[in-house]
Amino acid sequence: QVQLVESGGGLVQPGGSLRLSCVASGFTFSSYAMSWFRQAPGKERELVATITKTGGITNYPDSVKGRFTISRDNGRNTVYLQMNSLKPEDTAVYYCKAVSMTTYVYYWGQGTQVTVSS
């Protein structure tokens, strides 16, 4: 049974930090590229970070570049998203996604809420 379980969300003040985790099971984690997406109320889901299966390459949109860092530990089947200098506009449900770059099979987690507010 494939599972992606996110954790680490919560309420944080502007300028604060959070680290999200996504633990994978039921598939060969090290063979999948991983991404974090977010979706705010009334908005489309957007990509915030990607990392290749070995962790050698990462990518970010301009909206989070320099503030967010994606990393992975293939030994722990876990991908992380370190979020610093958080802004109210970062408020959203954050999801992790696993994608096979050979079969294009993908899996989603259930999401974790991040709220940035004073």
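Further up the page is the structure itself.
As the structure is a prediction and not an experimental result, all values here were calculated from the model. (Residues numbered from 1 in each chain as written. Predicted model: local features only at pLDDT ≥ 70, side-chain atom pairs only at ≥ 80, totals over all residues. Heavy atoms only, no water.)

J.: Outline the pattern of salt bridges, supporting the account with residue identities and numerical values.
T.: If you walk through the whole model with that rule in mind, you get five salt bridges. A salt bridge links Arg76 to Asp73; the shortest N-O distance between them is 3.3 Å. You can call Arg76 exposed: its relative accessible area is 59%. (Salt bridge = Lys/Arg side-chain N within 4 Å of Asp/Glu carboxyl O. Buried < 20%, exposed > 50% of the residue type's maximum accessible area, 1.4 Å probe, protein only.)

J.: Got a sec to walk through the nonpolar core? Specific residues and values, please.
T.: Core analysis: the biggest nonpolar cluster contains 29 residues, and Trp36, Val79, Leu81, Met83 and Tyr94 have the highest contact counts within it. When contributions to this core are tallied by element, the ones reaching two or more residues are strand E3 (18-25), strand E4 (32-39), strand E5 (46-51), strand E7 (68-73), strand E8 (78-83), strand E9 (92-100) and strand E11 (112-116). Setting aside anything within four residues of it in sequence, one finds Met83 in contact with Gly16, Ser17, Leu18, Leu20, Arg67, Phe68, Tyr94 and Val114. (Core = buried A, V, L, I, M, F, W, Y, C linked by side-chain atoms within 4.5 Å. Helix = DSSP H or I, 4+ residues; strand = E, 2+ residues; numbered from the N terminus. Contact = heavy atoms within 4.5 Å.)

J.: With reference to specific residues and values, describe unusual backbone geometry.
T.: The phi dihedral of Asn77 falls on the positive side, at around 55°, and the residue is not glycine. Of note, Asn77 is situated in the loop between E7 and E8. By relative accessible area, which is 26% here, Asn77 ends up partly exposed. Here Tyr104, not a glycine, exhibits a phi torsion of approximately 65°, which is positive. Mapped onto the elements of the fold, Tyr104 is located in the loop between E9 and strand E10 (106-108).

J.: How would you sum up the pairing of E4? Please name residues and give values.
T.: Across the eight residues that make up E4, a large majority, seven, are buried. Sheet topology note: the E4/E9 ladder contains eight bridges and is antiparallel. What sits directly across from Arg38, in E9, is Tyr94. One ladder, built from five bridges, connects E4 with E5; its direction is antiparallel. Paired with Met34 across the two strands is Ile51, which belongs to E5. Taking the residues that link successive antiparallel strands as the turn, the E4-E5 hairpin has six residues, and the phi of Gly42 there is positive, at about 75°. (Pairing = 2+ DSSP bridges.)

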